Amino acid sequence: MSYKPQKSAMRVVITGFGPYGGRDINCSWLALLMVKDKFQSKPIDGVEIDFRQIAVLYDEVDKFEDKLWKEEPNLVIHCGEGPFNKPRFEILAHNDNYLKQDIHNCLPGDNTCWKESGFDRLECRLDVDNVVESLKKMNLSFEVSQDAGRYLCEYIYYKSLMYAKDSSSKVAFVHVPIGEEFLNLSSDFLYHFIISCVKQL
């Protein structure tokens with residue numbers, strides 16, 4: 001699911017997760033559907049934005065990531081849901097201790113994201129202070145976090161950070177609150193967050 005301008009200079013991929021926790025639609029995906037509508041009515045000139053949904057499965061994330069980075073995106077923003085009352089901008093991801101089973105009761109090998117990566121953790125390479133400051137100026141309600149949860153959210157974040165670490169591509173992750181009552185808050189934040197990140201490319 002993508003919005004493509006007539007002339008694309010940059011490729012941006014935004015991901016959300018599939019059903020989880022007994023809900024038919026993940027709140028991350030619901031929020032991104034609203035964000036997609038916002039960009040259709042008010043697009044970013046010269047940017048191709050592609051929205052993709054990923055199942056809450058470690059092996060599906062592995063396959064998705066292998067394919068994604070062959071496309072050489074300029075920016076990847078992952079989005080997941082969590083038990084919070086406001087969006088969270090996650091700024092780092094860890095490589096090990098993935099002990100929570102996915103929806104098929106599976107775990108990654110050795111409970112590790114990337115074997116022999118050489119990095120216990122990786123940090124977001126965007127100018128975090130700049131992103132945070134620009135969002136605060138818009139009076140958006142959000143938090144900055146260093147704990148992405150050691151589950152599929154942090155797993156996919158670390159994977160993308162590893163793939164992007166020797167390139168000019170940027171990666172970010174946002175958690176949105178669970179619950180339809182937060183969707184307007186989440187979609188508004190994500191829309192402006194994406195724009196702030198694109199400005200750094």
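Calculation rules
Residues numbered from 1 in each chain as written. Predicted model: local features only at pLDDT ≥ 70, side-chain atom pairs only at ≥ 80, totals over all residues. Heavy atoms only, no water. Disulfide = S-S within 2.5 Å. Phe/Tyr/Trp six-rings, centres within 6.5 Å; stacked < 30°, edge-to-face > 60°. Helix = DSSP H or I, 4+ residues; strand = E, 2+ residues; numbered from the N terminus. Buried < 20%, exposed > 50% of the residue type's maximum accessible area, 1.4 Å probe, protein only. Lys NZ or Arg CZ within 6 Å of the ring centre and 35° of its normal. Axes fitted to C-alpha atoms, helices over the stretch in contact; angles between N-to-C directions. Parallel < 35°, antiparallel > 145°, perpendicular 65-115°, else oblique. Left-handed = near helix turned anticlockwise from the far one by under 90°. Contact = heavy atoms within 4.5 Å. Nonpolar A, V, L, I, M, F, W, Y, C, P; charged D, E, K, R; others polar. Core = buried A, V, L, I, M, F, W, Y, C linked by side-chain atoms within 4.5 Å. Pairing = 2+ DSSP bridges.

Participant: Just checking my understanding: could you explain the state of the cysteines for this structure?
Facilitator: Defined simply, a disulfide is a covalent bond joining two cysteines at their sulfur atoms. Overall, the coordinates contain zero disulfides when judged by the stated rule. Take C79: it sits in no disulfide, and the sulfur closest to it among the cysteines is that of C153, at 8.1 Å.

Participant: Hey, could you run me through the packing of aromatic side chains in this one?
Facilitator: For any pair of aromatic rings, the description consists of the separation of the ring centres together with the inter-plane angle of the planes. Overall, the coordinates contain 11 aromatic pairs when judged by the stated rule. Relative to Y163, the ring of W69 has its centre 6.3 Å away and its plane inclined at 5°; by these criteria the two rings are stacked. Separated by 94 residues along the polypeptide, W69 in the loop between α2 (58-68) and β4 (75-82) and Y163 in helix α4 (residues 152-164) bring together distant segments of the chain. Classification of W69 as buried rests on a relative accessible area of 11%. Taken together through their ring pairs, the aromatic side chains of Y20, Y58, Y98, Y151 and Y155 make up a single cluster. Sitting over the face of the ring of F84, R88 holds its NZ or CZ atom 4.2 Å from the ring centroid.

Participant: Whenever I open this one, unusual backbone geometry confuses me. Can you help?
Facilitator: Trans peptide bonds make up the majority, and among non-glycine residues the majority have a negative phi. Look at D110: it is not a glycine, yet its phi comes out positive at around 60°. As for its position among the elements, D110 is in the loop between β6 (92-94) and β7 (121-123). For N111, which is not glycine, the phi dihedral falls at a positive 55°. Tracing the backbone shows N111 in the loop between β6 and β7. According to the relative accessible area criterion, N111 is partly exposed, its value standing at 24%.

Participant: Help me understand the packing of helix α1 (residues 27-41) against helix α5 (residues 183-198), please; the structure alone is not making it clear to me.
Facilitator: For any two helices packed against each other, one specifies the crossing angle of their axes together with the interaxial distance. Axis separation between α1 and α5 bottoms out at 8 Å; the angle between their running directions is 60°. When the axis of α1 is compared with that of α5, the two are oblique. Once α1 is placed against α5, the crossing between them reads as right-handed. Here α1 contributes C27, L30, A31, L32, M34, V35, K38 and F39 to the contact with α5, which in turn contributes L183, N184, S186, S187, D188, L190, Y191, I194 and I195. Partitioning the contact of α1 with α5 into residue classes produces 12 nonpolar, three polar and two charged.

Participant: Sorry if this is basic, but what is going on with the nonpolar core here?
Facilitator: Side chains of nonpolar character tend, in soluble globular proteins, to be buried together. The biggest cluster of nonpolar side chains holds 62 residues, and the ones touching the most others in it are F89 and F193. Take this core: its biggest share by element is nine residues, from α4. Apart from the residues lying within four places of it in its own chain, the contact partners of F89 are C124, V128, V131, V132, E143, V144, S145, A172, F173 and F193.

Participant: I would appreciate a short explanation of the pairing of strand β9 (residues 170-177) in the present structure.
Facilitator: Each regular strand carries side chains that alternate between the two faces of the sheet. In terms of residue burial, β9 counts as a mostly covered element, since eight of its eight residues are buried. Here β9 shows two buried faces, one formed by K170, A172, V174 and V176 and the other by V171, F173, H175 and P177. Pairing of β4 with β9 involves eight bridges; the strand directions are parallel. Across the sheet, V76 pairs through a bridge with V171, a residue of β9. Pairing between strand β5 (residues 88-90) and β9: three bridges, direction antiparallel. Bridge pairing in β9 places F89 opposite V174.

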